[in-house]
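Fold and geometry: a report
Below are the chains, spelled out letter by letter.
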Amino acid sequence: MKHIARQRIRRRQVLATAAAAPLLMLPGKAPAQGGTKKLSGVTLNVSCWSSSYPQYLASYIPEFEAQTGAKVNYETPSFPIYNQRMDIELATRSGAHDVVNVTFIFIGRWIGAGWVVPLTDYIDNPKLTPPDWDVNDFLGGSTAAFKDRNGRLCGIPWIADVQMAGASRYDLIQQAGLKLPDNFDEMATMLKAINHKGGIPAFVAENHYGWTFIPYLQGFGGDVFRHAPTDLTPVLDSPEAVAAADFFCNMLREYGPDGALSYTYDQVVQTLKQGGVNYSTNNETFLVQMANPDSKVAKTCSLSLMPGGHAGRFPNVAGHGWGIPVGSRNKDAAWEFITWATSKQLFLRMFRDHGYSSVTRRSLIDMPEFREKLRINGIDVAQLYLDTLKLGSKGYTIYRTVPPYPPIDHEIDVAIQRIVSKESTAKESMAQLQRNALTQLKRAGVKL
Amino acid sequence: MTNSHRSGGWEAERRRSYRLGLLPALLVLGLVTIGPALYLLITSLTPLTPTNPDTALDFSDPLGNYREILATDEFWRSVWVQVELSAVTVATQVAAGLGLALLLDRPSRFLEALRTGFLVPMVLPPIVVAIIWKVLYTPDISPLHHLLTWIGLPVRSLITNPSTAIWAIAAADTWEWFPFTMLMLLAALQMVPKEPQEAARIDGANALQLFWHVRLAYIRPTLVVAVLFRLIDSIKAFPLIYVLTDGGPGGATQVTNYYAFEQTFNFSYWGYGSAVAMLMVLGVFLLSLVVNRLGGEMLDE
């Protein structure tokens, strides 16, 4: 009798389970534990260029896999490799990736060409987006660039990349009776005074000059285009541009380390952390690493706003964000990954575990814990961050997002190399840069 | 009559069988080589860029890319850099390879072991070779730079100086590829018959005369083939340039294939890049013809 009852129960259980199975397969309705997970059987291919946040993210991905059942193939190639590969993959709509970084410099091109999907439908769907995710918590300045021509958000920013200035050995600057410079004249004076003090060169800049040189160009009153995005006539041979190039290259040549032209961002960060060079104008996310526990200069480093020129202060402000390629076959799962990777909880953990501070959520920046931890040797870096973002909101970085900019960015790299290596004078090199920029624009079909 | 008819039929049958036998190889050749080459040619006649898919079929100005390339200073500079790099690397690789082959051409277990050791650079993945040299050429971490500084001969970074960058690349390339010429020439030297060498020795020839008048004559065809191989391969130089200098400083190490790579993959000018590649194919083809003819003449002599 007992045996028969047990059989009935089993049969009922089987029938009930069979009836519930289709329901369990609905998105967002699967149990988080026991049985099939929400994204079981889904493989997500995720790619981003190598930087602090993507590297930290790698250590949390097993948690996402455990929670959702998805398998994540995650890769973080270097910045140029990533952009080159992704440009081709997105252009061919290959579907090889489900979640990609929408690189700032390619925003106009990738979003403009419709190669990544608008995310508005996902954001507005409560079944697909957790209620506490809150798109409005993202800093306005960080999301604005990711909108398509219809105002739809096509990327969720994981970084607001702002440029600051930092010294690894501020003690040497103080010994020289100086402080961190506020403008280029003060900067030149300081670099001259501290060069080789403590046995280290005074200045280094990442060799992506299409990024690191531009604040100098604009500070001297120059620009890349006459009036982006409406007038893309290049103005790279203007007297202001030549003066800026002359100044920047002179600093690099006179006060840079041997082989300064070969310094990638990673080398810059490591050299600063080792106290191998004193001063750099670079991204906040790189400079704050001088205060990390593994840094030799944690006690002597200091940060400030990017110095300005007579035309004003123009620190680089850019954003990188997660997007979904139109060719992806796992768009819902990709969105699940993006909401997880940009959640308040994960940003907070990254901040607590790794000191990641270039967050894009206002609620985190406003946390007393965040402000306190970002006080580096007495400097309120969080405030510098907000002040820089405020400067960036004036829109002077729009030149970076116009589709034909990437090749010009590279031409700027080469032009600066020519000047630093004394292959050409600033005037000759910038004139050649202007000619090359015109050729690139013509090839891109831009009517001037 | 019947026999001859049969014989003609047999000949025709044989030709048909040959053709059928060749067909799979021709098909593979067509798919693997000729197909992509044709596509490259077709693409080179368009302004193709992935941001505007319509450009794939735009044949309104089929020679536009070629006209633009020939009028671009950067392209001609890249050709000159290529000529410099090829001339230096081929000359040094042949000289080093020949010198070592002559030294190693003796029956000795020690020399055999040494021979294997010399082959190591050639069998390393090119990217590993590039990383080794990147370390050697980066002053703050380079044992080479530290050593030179220690002995009082400090040397500034070689790869960020436009006057030395191309030589730095050439040195690394020579290190990687001299084992190839060494191996080929060593094999050729070991095939040189003993009799003429002994006869020359009996006649009083010294080592230099023996090499110049006897051994060189025998290894000359191999030497030509080695030069041809290295010359063609030098035009494909890429990983070293990519890792060590990225074509810089200021384009000082930008060879033509790097220029094509940059235009195609960094800037997405696929049509333009294809046209540069077509010109390179043409250049290599002409070069092969010239070297082949020279080699043939030497063989005839």
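Computed from a predicted structure; not experimentally measured. (Residues numbered from 1 in each chain as written. Chains lettered and ligands numbered in written order. Predicted model: local features only at pLDDT ≥ 70, side-chain atom pairs only at ≥ 80, totals over all residues.)

Some words on the overall build of chain A
Let me state the cut-off plainly: For the purposes of this entry, the term helix denotes a DSSP run of H or I that reaches at least four residues, the term strand denotes a run of E that reaches at least two, and both are numbered from the N terminus. Taken over C-alpha atoms, the radius of gyration is set against a globule rule of 2.2 Å times the number of residues to the power 0.38. Each residue is classified by how many other C-beta atoms fall within 10 Å of its C-beta atom, where C-beta atoms are placed from the backbone; a count of 20 or more means buried, 12 or fewer means exposed, and values in between mean partly exposed. Here, residues touch in the contact sense if the C-beta positions derived from the backbone fall within 7 Å of one another.
From N to C terminus, chain A includes 20 helices and twelve strands. Taken over the C-alpha trace, chain A has a radius of gyration of 25 Å; the compact-globule value for 448 residues is 22 Å, and the two agree within 12%. For chain A, the spread of C-alpha atoms along the principal axes amounts to about 95 × 55 × 35 Å. For chain A, with 448 residues in total, the buried portion stands at 51%. Long-range pairs, those at least 24 residues apart, make up 74% of the contacts in chain A with a sequence separation of at least 6.

A short note on the overall build of chain B
Tallying secondary structure elements over chain B gives 13 helices and zero strands in all. When the elements of chain B are put in sequence order from the N terminus, they spell out α-α-α-α-α-α-α-α-α-α-α-α-α. The dimensions of chain B, computed from C-alpha atoms along their principal axes, are 75 × 65 × 30 Å. Sorting the 301 residues of chain B into buried and exposed places 32% on the buried side.

Observations regarding the pairing of strand S4 (residues 156–167) of chain A
Residue and element names in this part refer to chain A. For clarity, the cut-off: Two strands make a pair as long as DSSP finds a minimum of two bridges between them.
The buried fraction of S4 amounts to twelve of the twelve residues, a majority that puts the element mostly inside the structure. Looking at chain direction, S4 and strand S10 (residues 317–323) are connected through six bridges and run antiparallel. Each residue of the ladder has a partner; that of Ile159, found in S10, is His320. As paired elements, S4 and strand S8 (residues 279–283) share five bridges and run antiparallel to each other. When the bridges of S8 are listed, Ala165 appears paired with Thr281.

Digging into the interface of chain B and chain A
Just so we agree on the cut-off: All amino acids are sorted into three groups, where Ala, Val, Leu, Ile, Met, Phe, Trp, Tyr, Cys and Pro are nonpolar, Asp, Glu, Lys and Arg are charged, and the leftover types, Gly among them, are polar.
Taken together, the 21 residues of chain B in the interface contact 23 residues of chain A. Its residues assigned to classes, the side of chain B that touches chain A shows nine nonpolar, ten polar and two charged.

Re the nonpolar core
Residues and elements named next belong to chain A. What counts is decided by this rule: The nonpolar core criterion groups buried Ala, Val, Leu, Ile, Met, Phe, Trp, Tyr and Cys residues into a set whenever they are joined through C-beta atoms within 7 Å.
Judged by nonpolar contacts, the single largest core of 133 residues is most densely connected at Leu44, Val99, Leu191, Ala245, Phe248, Phe337 and Ile416. A per-element tally of this core places helix H11 (residues 239–255) first, with ten residues. Those residues in contact with Ile416, other than ones at most four positions away along the chain, are Tyr209, Phe213, Ala245 and Cys249.

Here we look at the packing of helix H9 (residues 194–202) of chain B against helix H10 (residues 207–234) of chain B
All names here are of chain B. Note the cut-off: Under this scheme, a helix contributes an axis fitted over its contacting stretch, all axes are lines through C-alpha atoms, and angles between N-to-C directions fall in the 0 to 180 degree range. Crossings are classed by handedness, with left-handed meaning an anticlockwise turn of the near helix from the far one by less than a right angle and right-handed meaning a clockwise turn.
Where H9 meets H10, the closest approach of the two axes is 10 Å, and the angle between their N-to-C directions is 145°. As H9 packs across H10, the resulting crossing turns out to be right-handed. Note on element contacts: H10 touches H9 through Leu210, His213 and Val214, opposite Pro196, Gln197, Ala200 and Arg201. For the contact of H9 with H10, the residue count by class is four nonpolar, two polar and one charged.

Overview of the confidence of the model for chain A
Spelled out, the test is: For every residue, the pLDDT score states the predictor's confidence, bounded by 0 at the bottom and 100 at the top.
When pLDDT is averaged along chain A, the result is 88; 92% of the residues meet or exceed 70. Of the regions scoring below 50 in pLDDT, residues 1–34 of chain A engages in twelve contacts with residues more than four places distant in sequence or in other chains.

Overview of the environment of Glu89 of chain A
Residue and element names in this part refer to chain A. Relative to the elements of secondary structure, Glu89 occurs in helix H3 (residues 79–91). Given 18 C-beta atoms within 10 Å, Glu89 falls into the partly exposed group. Sequence separation between Glu89 and Gly327 is 238 residues, and the spatial gap between their C-alpha atoms is 9.2 Å. With residues up to four places along the chain from it excluded, the contact list for Glu89 reads Ser94, Ala96 and His97.

Focus: the confidence of the model for chain B
A residue-level look at chain B finds 95% of positions with pLDDT of 70 or above and a mean pLDDT of 88. Scoring of the predicted complex yields 0.81 for pTM and 0.77 for ipTM.

So, helix H12 (residues 265–273) of chain A
The buried count for H12 of chain A comes to seven of nine residues, which makes it a mostly enclosed element. Gly275 of chain A, located one to two residues past H12 of chain A, shows a positive phi value of around 70°.

Here's the deal with unusual backbone geometry
Peptide bonds are, in most cases, trans, and in most cases residues other than glycine have a negative phi. Geometrically, the link from Ala228 of chain A to Pro229 of chain A is a cis peptide bond, its omega value of 0° lying close to zero. When you line up the elements, Pro229 of chain A lands in the loop between strand S6 (225–227) and strand S7 (231–234). The step from Gly248 of chain B to Pro249 of chain B runs through a cis peptide bond, and the omega angle for that step is -5°. With respect to the element layout, Pro249 of chain B can be found in the loop between helix H11 (239–244) and helix H12 (256–266). A positive phi angle, near 65°, is found at His196 of chain A, a position not held by glycine.

Brief notes about the environment of Leu63 of chain B
With respect to the helices and strands, Leu63 of chain B occurs in the loop between helix H1 (2–44) and helix H2 (64–70). Between the alpha carbons of Leu63 of chain B and Gln263 of chain B there is a distance of 17 Å; along the sequence they are 200 residues apart.

Examining H3 of chain A
For clarity, the threshold we go by: A helix is expected to reach a length of 1.5 Å times the quantity of its residues less one.
Helix length check: H3 of chain A (13 residues) gives 18 Å between terminal C-alpha atoms against 18 Å at 1.5 Å per residue, within 8%. Buried within H3 of chain A we find Tyr82, Asn83, Gln84, Met86, Asp87 and Leu90 of chain A.

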